[in-house]
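Chain by chain, the residues run as shown.
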Amino acid sequence: MSASQANSGKSVDHGSLSGELDEPGDNATSHEVDLPRIERAVREILFAVGEDPDREGLRETPARVARMYRELFSGLHTDPRIHLQKFFTEKYDEMVLVKDISFNSMCEHHMLPFIGKAHIGYVPNGKVVGLSKLARVVEEISHRPQVQERMTEQIANLLVEELGVKGVAVVIEAAHSCMSIRGVRKPDSLCVTSAMKGLFRSNLSSRSEVMNLIYGGK
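Residues numbered from 1 in each chain as written. Predicted model: local features only at pLDDT ≥ 70, side-chain atom pairs only at ≥ 80, totals over all residues. Heavy atoms only, no water.

Peer 1: Explain the overall build of the protein to me, please; I cannot follow it from the model alone.
Peer 2: The number of helices and strands found in the protein is 9 helices and 7 strands. With 218 residues in all, the protein has 39% of them scored as buried. For the protein, restricting intrachain contacts to residue pairs at least 6 apart in sequence, the fraction spanning at least 24 positions comes to 69%. Of the roughly 12,200 Å² of accessible surface on the protein, a fraction of 51% belongs to carbon and sulfur atoms. (Helix = DSSP H or I, 4+ residues; strand = E, 2+ residues; numbered from the N terminus. Buried < 20%, exposed > 50% of the residue type's maximum accessible area, 1.4 Å probe, protein only. Contact = heavy atoms within 4.5 Å. Areas by Shrake-Rupley, 256 points an atom, 1.4 Å probe, with all protein chains shown as cover.)

So, in structure tokens, the structure goes:
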């Protein structure tokens, strides 16, 4: 345990969004992206690989990369929970499924993108949210340094914590640049992760139903 964790009297839960947002400095609403610092770092990288960052084609590259990182990591400065705090009270206890929510994220191990689709199914417990809110949750959780496994868990945990759902199923499938353009170089590989909570974990027929709705036509 780090000194900061010991001083706070609690450990950081990296498997949940709550734990991640509770980390010192991670709730970045009071922190601006330091664009000049990123620009200096990119110049150093260009020097390090043997390039000349002052040649015409690269002169504006550090500034472009800085603006790109501000966009790609914008989720560090937002709390996706707010999208689930406006809900509608409905007596509906069947599954709600939103499929094929496209996203892009950055693998925190190699700082390369992984791109794919998220599928979110849940059984309400008196509360339903607008369908676009689920897409916004995916968008904000994906726009931060991530690993796919944690991203999957965070989305599922968020619905449990904020909506008290009877069950939630999150399935994410993505292609990872760190596997396709470097290392093992397998461009056709696809990573699929899932998180099943409540009914979808305890009830096999519910789990089969959601998986059939996601993949049955493929």
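After presenting the structure, the write-up continues.
Peer 1: Got a minute to help me understand the nonpolar core in this structure?
Peer 2: Judged by nonpolar contacts, the single largest core of 29 residues is most densely connected at Tyr122 and Leu159. For this core, the secondary-structure elements that each account for two or more residues are β2 (96-107), β3 (112-123), α5 (131-142), α6 (148-163) and β6 (167-176). When residues of this core are assigned to their parent elements, the largest contribution, 6 residues, is made by α6. Not counting residues within four places of it along the chain, the set of residues in contact with tyrosine 122 comprises Glu94, Met95, Val96, Lys127, Val128, Val129, Leu134, Leu159, Val165, Gly167, Val168 and Phe200. Core analysis: the next-biggest nonpolar cluster, separate from the first, contains 8 residues, Met95, Met196, Phe200 and Ile214 among them. (Core = buried A, V, L, I, M, F, W, Y, C linked by side-chain atoms within 4.5 Å.)

Peer 1: What am I meant to see in the sheet that holds β6 here?
Peer 2: Across a sheet, strands are paired by hydrogen bonds formed along the backbone, either parallel or antiparallel in direction. Sheet architecture is open: 5 strands sit in the order β5-β2-β3-β6-β7, paired in mixed fashion. The sheet is open, and its two borders are formed by β5 (145-146) and β7 (191-198), each paired with just one other strand. Where β2 lies against β5, 2 bridges are found, and the strand directions are parallel. Note on β5: the bridge partner recorded for methionine 106 is proline 145. Packing of α5 onto the sheet brings it into contact with β2, β3 and β5, and relative to β2 it is tilted by some 15 degrees. (Pairing = 2+ DSSP bridges. Axes fitted to C-alpha atoms, helices over the stretch in contact; angles between N-to-C directions.)

Peer 1: Sorry if this is basic, but what is going on with the packing of aromatic side chains here?
Peer 2: By convention here, two paired aromatic rings are described through the distance between centres and the angle between planes. Under the criterion given, the structure shown has 2 aromatic pairs. When the centroid spacing of 5.5 Å and the interplanar angle of 35 degrees are considered together, the rings of tyrosine 69 and phenylalanine 73 count as tilted. Residue class for tyrosine 69 comes out partly exposed when judged on its relative accessible area of 23%. Between phenylalanine 103 and phenylalanine 114, the aromatic rings sit 6.0 Å apart at their centres with planes inclined by 80 degrees, giving edge-to-face as the arrangement. Of this pair, phenylalanine 103 sits in strand β2 while phenylalanine 114 sits in strand β3, and the two are 11 residues apart along the sequence. With relative accessibility at 4%, the residue phenylalanine 103 sits in the buried group. For phenylalanine 114, a relative accessible area of 0% gives the class buried. (Phe/Tyr/Trp six-rings, centres within 6.5 Å; stacked < 30°, edge-to-face > 60°.)

Peer 1: I tried to follow the packing of helix α3 (residues 35-48) against helix α4 (residues 61-72) on my own but got confused; where do I start?
Peer 2: Two numbers describe a pair of packed helices, the interaxial angle and the distance between the axes. At their nearest, the axes of α3 and α4 sit 8 Å apart, and the two run at 125 degrees to each other. Taken together, the axes of α3 and α4 lie oblique to each other. Seen along the crossing, α3 lies across α4 with a hand that is right-handed. From α3, Leu35, Ile38, Glu39, Val42 and Arg43 reach across to α4, where they touch Pro62, Ala63, Val65, Ala66, Arg67, Tyr69 and Arg70. Class assignment for the residues of the contact of α3 with α4 results in 8 nonpolar, no polar and 4 charged. (Parallel < 35°, antiparallel > 145°, perpendicular 65-115°, else oblique. Left-handed = near helix turned anticlockwise from the far one by under 90°. Nonpolar A, V, L, I, M, F, W, Y, C, P; charged D, E, K, R; others polar.)

Peer 1: Honestly, the packing of α5 against α6 in this entry has me stumped. Any pointers?
Peer 2: Following both chains from N to C, one finds α5 and α6 inclined at 140 degrees, their axes separated by 10 Å at the closest point. Taken as axis vectors, α5 and α6 run oblique relative to one another. As α5 runs across α6, the sense of the crossing is right-handed. Between α5, through Leu134, Val137, Val138, Ile141 and Ser142, and α6, the contact on the second element is made entirely by Met151, Gln154, Ile155, Leu158 and Leu159. Per-class residue counts for the contact of α5 with α6 are 8 nonpolar, 2 polar and no charged.

Peer 1: What should I look at first to understand unusual backbone geometry in this one?
Peer 2: Of all residues except glycine, most have a negative phi; of all peptide bonds, most are trans. Unusually for a residue other than glycine, methionine 111 sits at a positive phi of about 55 degrees. Looking at where methionine 111 falls in the secondary structure, it is placed in the loop between β2 and β3. Notably, arginine 185 is not glycine yet its phi reads approximately 55 degrees, a positive angle. Mapped onto the secondary structure, arginine 185 falls in the loop between α7 (177-180) and β7.

So far we have only geometry, and geometry alone does not tell us how the molecule works.
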